[in-house]
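These are the residues of each chain, in order.
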Amino acid sequence: MESIYVVMPAYNEEANIRGTVKEWYKVLEGKNEKSRLVIADSGSSDKTHEILQELQKDYPQLEILEDSDKQHGPKVIALYDYAIKNDIDYIFQTDSDGQTNPDEFGQFWDLRYEFDGIFGLRNDRGDGKSRAFVEQVVCFLLRLYFGVKVPDANAPFRLMKTEVVKKYLYNMDKNYNLPNIMMTTYYAYYNEKYKFIPISFKPRQGGVNSINIPKIVKIGWAALGDFHRLKKKMKKN
């Protein structure tokens, strides 16, 4: 029976975290006893951390990763690294803001033997047209820089074999801001077996998103230099 880490970054999610844990914890049912719901929470200034500690009393397979960076990307990298170091078979990453639906996980899990990575495709996005436009720009840049054509590079709904994540994770610095975009790129560039499946994507269920459009533009501008550097490394390999 395979093990899985369901991993989530969290930052100031006191309005969502209780419901998110309750909904996603059921994904662990019937999985290997090593399986965990792992949430990276460091830097939150609200009650997210206290709520998570309280929830551990009722959800024994809930773990809190406390020593990760404040930002989303480094937290994702730390979570993937944690799964690798604990020799877990599969990693499923989503976010802790209530925008994704755990009822859609099953179709991903059912395909785990056929594909090394299964990625969500957000055809209809509840988080606004501006973010959908940003994703379109990202996919255009990936095609321009890396020659890969993917429909959704950054969806926080992805099931991946840990052994494949391990092949590519350490090409990125531990404080890199866009690990999911690059992980999708590695899958496509190196012809790993992957598939996109449409998912629903709701508006944020509570709280305020810490990543706004100006921050996205700033991160995206910095990403252009990162893409160039990472592409040079990929060519060498």
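Residues numbered from 1 in each chain as written. Predicted model: local features only at pLDDT ≥ 70, side-chain atom pairs only at ≥ 80, totals over all residues. Heavy atoms only, no water.

Let's shift gears to the sheet that holds strand β6 (residues 157-161). Here we have seven strands laid out as an open sheet, ordered β3-β2-β1-β4-β6-β5-β7, and mixed in their pairing. Of all strands in the sheet, those with a lone pairing partner are β3 (62-65) and β7 (194-198), marking the two edges. Each strand axis lies, on average, 20 degrees off the axis of its neighbour in the sheet, ignoring direction. Pairing analysis gives three bridges linking strand β5 (residues 117-121) to β6, with the strands arranged antiparallel. Each bridged residue has a counterpart across the sheet, and for Ile 118 the counterpart in β6 is Leu 159. Across the sheet, helix α1 (residues 17-24) lies against β1 (4-10), β2 (36-41), β3, β4 (90-94) and β6, angled at about 170 degrees from β1, the strand it touches most. Docked against the sheet, helix α2 (residues 48-55) engages β1, β2 and β3, running at close to 150 degrees with respect to β3. (Pairing = 2+ DSSP bridges. Helix = DSSP H or I, 4+ residues; strand = E, 2+ residues; numbered from the N terminus. Axes fitted to C-alpha atoms, helices over the stretch in contact; angles between N-to-C directions. Contact = heavy atoms within 4.5 Å.)

For the rest of this paragraph, the subject is the pairing of β1. The buried fraction of β1 amounts to seven of the seven residues, a majority that puts the element mostly inside the structure. Alternating positions in β1 separate into two faces, Ile 4, Val 6, Met 8 and Ala 10 on one and Tyr 5, Val 7 and Pro 9 on the other, with burial throughout. The pairing of β1 with β4 spans four bridges and is classified as parallel. Of the residues in β4, the one forming a bridge with Ile 4 is Tyr 90. Bridging between β1 and β2 involves six bridges; their strand directions are parallel. What sits directly across from Ala 10, in β2, is Asp 41. In terms of handedness, the path from β1 via α1 over to β2 forms a crossover that is right-handed. (Buried < 20%, exposed > 50% of the residue type's maximum accessible area, 1.4 Å probe, protein only. Right-handed = clockwise from strand over helix to strand, strands pointing away.)

Attention shifts here to the side chain of Ser 96. One can find Ser 96 in the loop between β4 and α4 (105-109). Leaving out residues up to four positions away in the same chain, Ser 96 has contacts with Met 8, Pro 9, Ala 10, Glu 13, Asn 16, Ile 17 and Thr 20.

It is worth spelling out the nonpolar core at this point. One finds Leu 142, Val 165 and Met 182 to be the most contacted residues of the largest nonpolar core, which totals 41 residues. Mapped onto this core, the elements with two or more residues apiece are β1, β2, α3 (72-85), β5, α5 (129-146), α6 (162-169), α7 (179-189) and α8 (213-236). Formed by 30 residues, the second largest nonpolar core is a distinct cluster that contains Trp 24, Ile 39, Leu 62 and Leu 111. (Core = buried A, V, L, I, M, F, W, Y, C linked by side-chain atoms within 4.5 Å.)

Those residues of α1 that fall on the buried side of the exposure criterion are Ile 17, Thr 20, Val 21 and Trp 24. Looking straight down α1, one finds that the buried residues subtend no more than 95 degrees of arc, so they occupy a single side. (Arc of directions from axis to C-beta.)

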